[in-house]
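Chain by chain, the residues run as shown.
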Amino acid sequence: MNNFSYIKTNDIGQAVSELSNDSGNKIVAGGTNINDLLKYFVTTAKKLVDINPVIDNHSVIELDNGGIRIGALLTNAETAYHPIIEERYPLLSKAILAGASAQIRNMATNGGNLLQRTRCYYFYDSNTPCNKREPGSGCSAIKGYNRIHAILGQSDDCIAVFPSDMCVALAALDAVVNITGPEGDRTLDFKTFHRLPGNTPELDNNLKQGEIITGIDLPEMGFSNNYSYLKLRDRASYSFALVSVATGLDLENGIIKNARIALGGVAHKPWRIIEAEYFLKDKEPLRENFAAAADIILEGAKGYEHNDFKIDLAKRAIIRNCLMALDPKSQRPGAKPSL
């Protein structure tokens with residue numbers, strides 16, 4: 001087994017210092033992902049730095065610009081059921097509740113959700129080549145069993161997908177990630193936080209050495225009237241998405257004034273194409289317009305032996321989810337969307 005030391009700190013500066021001093025030191029909060037990584041020998045840790053006592057990161061704060069700030073250490077469950085989130089950002093609440101199990105959501109933190117690693121079979125199997133786990137060793141998924149893998153944004157070095165549901169909604173909502181590190185505080189727009197694999201698939205995001213997520217900002221617009229999150233998976237619960245879609249629409253007199261569409265389960269990061277959203281602006285919310293937007297989003301999609309079906313599935317999911325967003329009541333358990 002891997003031996004490691006453990007400390008608990010209530011000072012974010014100390015946590016930054018611990019991470020900066022040694023790249024072998026790792027942060028732990030909810031522990032729902034890093035425990036798996038350690039257990040399967042995908043990663044090792046010289047020291048686990050427990051940041052749960054950092055109280056400032058356990059809250060939802062209203063901002064002067066009309067938006068809100070979600071603490072990085074607030075659990076997924078606390079976030080999903082928070083009155084402000086349920087009322088103003090129901091798309092985020094619905095996406096979070098589609099992920100994992102109730103027990104995991106009770107432990108998993110928001111910051112950890114952004115940092116979770118792929119659930120690719122080969123990444124977790126230390127007996128197989130994986131460029132993400134061991135750069136330069138090869139990608140076993142390309143010619144292996146790749147049913148759950150990427151159809152967009154992939155490279156010859158990696159076709160893994162990012163597993164989060166929460167992050168798909170955050171991408172659609174134009175969230176901003178607050179970060180602190182050795183060089184002080186900074187922010188990253190959500191669309192630039194995660195990375196595509198390129199030739200460095202071992203890098204999941206654009207955090208620098210020693211940096212820690214402190215919070216997530218959401219803008220004032222939460223698409224609380226017309227929204228939907230659709231997750232298509234192999235079983236009804238505790239399963240990662242084959243394809244997921246987060247949609248937010250701002251309608252005025254029956255015309256789309258603003259649209260947001262983000263996909264999960266199809267790429268190395270939440271997938272959002274701004275051109276498709278511009279296409280929908282000032283158009284009627286009709287099936288044919290949503291189908292045309294789906295074609296823009298999926299341009300260049302490429303399947304492999306076992307996941308070609310995802311391309312058509314993704315198009316159907318986008319259309320269906322946009323139609324569902326027109327009537328959020330259709331998303332209640334047992335309700336059928338009018339297609």
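Because the structure is a prediction, the values reported are computed rather than measured.

Colleague: An account of helix 13 (residues 309-325) is needed here, citing residue identities and associated values.
Modeller: In this model helix 13 runs 24 Å from its N-terminal to its C-terminal C-alpha over 17 residues, within 8% of the 24 Å that 1.5 Å per residue would give. The secondary structure elements touched by the buried residues of helix 13 are strand 9 (227-232), strand 10 (243-252), strand 11 (255-264) and helix 12 (287-297).

Colleague: Got a sec to walk through the state of the cysteines? Specific residues and values, please.
Modeller: For the structure on display, the rule yields zero disulfides. Distance from the sulfur of Cys 167, which forms no disulfide, to the nearest cysteine sulfur (Cys 158) is 17 Å. Residue Cys 167 is classed as buried on the basis of its relative accessible area, which comes to 0%.

Colleague: Tell me about unusual backbone geometry, and name the residues and values.
Modeller: You will see that Ala 100, though not glycine, has its phi angle at about 55°, which is positive. Of note, Ala 100 is situated in the loop between helix 5 (90-97) and helix 6 (102-107). The backbone phi angle of Phe 223 is positive, close to 55°, even though this residue is not glycine.

Colleague: Describe the nonpolar core, listing the residues and the values that go with them.
Modeller: Counting 38 residues, the largest nonpolar core has Ile 68, Leu 91, Leu 92, Leu 114, Leu 170, Phe 190 and Leu 218 as the members making the most contacts within it. For this core, the secondary structure elements donating two or more residues are strand 5 (68-71), helix 4 (83-88), helix 5, helix 9 (166-172), strand 6 (176-181), helix 10 (190-193), strand 8 (212-218) and strand 9. It is helix 9 that contributes the most residues to this core, seven residues altogether. Once residues within four sequence positions are removed from consideration, Leu 170 is found in contact with Leu 92, Leu 114, Ala 175, Phe 190, Ile 216 and Leu 218.

Colleague: Can you tell me about the sheet that holds strand 1 (residues 5-8), naming the residues and giving the values?
Modeller: On the basis of which strands lie adjacent, the open sheet formed by three strands has the order 1-3-2 and parallel pairing. Edge positions in the sheet fall to strand 1 and strand 2 (25-28), since each has one partner strand and no second. Sheet twist, expressed as the mean angle between neighbouring strand axes with direction ignored, is 25°. With four bridges joining them, strand 1 and strand 3 (residues 47-50) adopt parallel strand pairing. In the strand pairing of strand 3, Ile 7 is matched with Val 49. In the packing of helix 1 (residues 12-21) onto the sheet, the strands contacted are strand 1, strand 2 and strand 3, and the crossing angle to strand 2 comes to about 145°.

Colleague: Which residues make up the sheet that holds strand 7 (residues 184-189), and what are the values?
Modeller: Spatially, 4-5-8-6-7 is the arrangement adopted by the five strands of the open sheet, whose pairing is antiparallel. The sheet terminates laterally at strand 4 (60-62) and strand 7, the two strands that pair on one side only. Going across the sheet, the axis of each strand differs from the next one's by a mean of 25°, ignoring polarity. Two elements, strand 6 and strand 8, share five bridges in a ladder whose sense is antiparallel.

Each value, and the rule that gives it
- Once a new chain begins, its residue numbering starts again from 1 and follows that chain's sequence as written.
- Since the coordinates come from a predicted model, pLDDT governs what is reported: local features require at least 70, and pairs of side-chain atoms require 80 or more to be given and counted, while whole-chain, interface and lining totals use all residues.
- Note that water and hydrogens are dropped before the side-chain values are worked out from all heavy atoms of the structure.
- Per the convention used, a helix needs a DSSP run of H or I reaching at least four residues, while a strand needs a run of E reaching at least two, with both numbered from the N terminus.
- Multiply 1.5 Å by the residue count of a helix minus one, and that product is the helix's expected span.
- Contacts between residues were defined by any pair of non-hydrogen atoms, one from each residue, lying within 4.5 Å.
- Two cysteine sulfurs form a disulfide in these notes if their separation is within 2.5 Å.
- Accessible area is worked out with a 1.4 Å probe on protein chains only. A residue is then buried under 20% of its type maximum, exposed over 50%, and partly exposed in between.
- We call a set of buried Ala, Val, Leu, Ile, Met, Phe, Trp, Tyr and Cys residues a nonpolar core when their side-chain atoms join them within 4.5 Å.
- Strand pairing is defined by DSSP finding a minimum of two bridges between the two strands.
- Only C-alpha atoms enter the line fits that serve as axes; for helices the fit covers just the stretch in contact. Angles between N-to-C directions range over 0 to 180 degrees.

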